[in-house]
Amino acid sequence: MSWQVEVDQHTCIGSGMCASLMPEVFELDGAVARPLADEVEPDETVLDAADSCPAMAITVTDGSEVVGPRP
């Protein structure tokens, strides 16, 4: 099963941490980040990117369950 990745464009501050950790999943688009695809294969580094976002703008879900960022 794949994970869904979303970046809240209103919360994102464009730090680039996610794009640095996972350039194959995230890119900076002007002043904010965006996922390159709505779904990704489960990967611990995707969760690391969500965890390291200083604005907590990244949400990773597995179906209806939020898996990232981790508490």
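Above this text is the structure in question.
All figures in this text were calculated on a predicted structure; none of them were measured in a lab.

Enquirer: I would appreciate a short explanation of the nonpolar core in the present structure.
Expert: When a protein is soluble and globular, its nonpolar side chains tend to lie buried together. Among the nonpolar cores identified, the biggest contains 22 residues, and Trp3, Phe26, Val46, Ile58 and Val60 are the most heavily contacted of them. Contributions of two or more residues to this core are made by β1 (3-7), α1 (17-21), β3 (32-35), α2 (44-52) and β5 (58-62). Element by element, the count of residues in this core is highest for α2, at four residues. Setting aside residues up to four positions removed in sequence, valine 60 forms contacts with Trp3, Gln4, Val46, Leu47, Ala50, Glu65, Val66, Val67 and Gly68.

Enquirer: Mind showing me how you'd approach the pattern of salt bridges here?
Expert: Close approach of charged atoms allows side chains of opposite charge to pair. All told, the structure shown has five salt bridges when counted by the stated rule. Among the salt bridges present, the one from arginine 70 reaches glutamate 44, with a minimum N-O distance of 2.4 Å. Here arginine 70 is found in the segment after β6 (65-68), whereas its partner glutamate 44 is found in helix α2, with 26 residues between them in sequence. The exposure class assigned to glutamate 44 is partly exposed, which follows from its relative accessible area of 48%. Across the salt bridge formed by aspartate 51 and arginine 70, the nearest N and O atoms sit 2.5 Å from each other. Taken as a pair, aspartate 51 in helix α2 and arginine 70 in the segment after β6 lie far apart in primary sequence, 19 residues in all. In this structure aspartate 51 comes out as partly exposed when scored by relative accessible area, which is 28%. In this structure, a network of salt bridges that share partners links the residues Glu44, Asp48, Asp51 and Arg70.

Enquirer: What should I look at first to understand empty space enclosed by the protein in this one?
Expert: A probe matching the size of a water molecule, rolled over the atoms, marks out where space remains unfilled. Inspection of the entire model under this criterion finds one cavity of 30 Å³ or more. Computed from the structure, the largest cavity encloses a volume of approximately 70 Å³. What lines the largest cavity is simply Val7, Cys12, Ile13, Gly14, Ser15, Gly16, Cys18, Ala33, Cys53, Pro54, Ala57 and Ile58. Residue composition of the lining of the largest cavity, grouped by class: nine nonpolar, three polar and no charged.

Enquirer: Help me understand the pairing of β5, please; the structure alone is not making it clear to me.
Expert: Here β1 runs beside β5; their pairing, made up of four bridges, is antiparallel. Its bridge partner being in β5, valine 5 is matched across the sheet by valine 60. Following β5, the chain reverses through two residues before pairing antiparallel with β6; glycine 63 in that reversal takes a positive phi of roughly 70°.

Reading the values: rules and limits
Residues numbered from 1 in each chain as written. Predicted model: local features only at pLDDT ≥ 70, side-chain atom pairs only at ≥ 80, totals over all residues. Heavy atoms only, no water. Core = buried A, V, L, I, M, F, W, Y, C linked by side-chain atoms within 4.5 Å. Buried < 20%, exposed > 50% of the residue type's maximum accessible area, 1.4 Å probe, protein only. Helix = DSSP H or I, 4+ residues; strand = E, 2+ residues; numbered from the N terminus. Contact = heavy atoms within 4.5 Å. Salt bridge = Lys/Arg side-chain N within 4 Å of Asp/Glu carboxyl O. 1 Å grid on protein atoms, 1.4 Å probe; cavity = no way out; pocket = protein on both sides within 12 Å on 5 of 7 lines; lining within 4 Å. Points joined across faces, edges and corners; volume = space filled by probe spheres on them. Nonpolar A, V, L, I, M, F, W, Y, C, P; charged D, E, K, R; others polar. Pairing = 2+ DSSP bridges.

Functional significance is not addressed by these values, which are geometric in nature.
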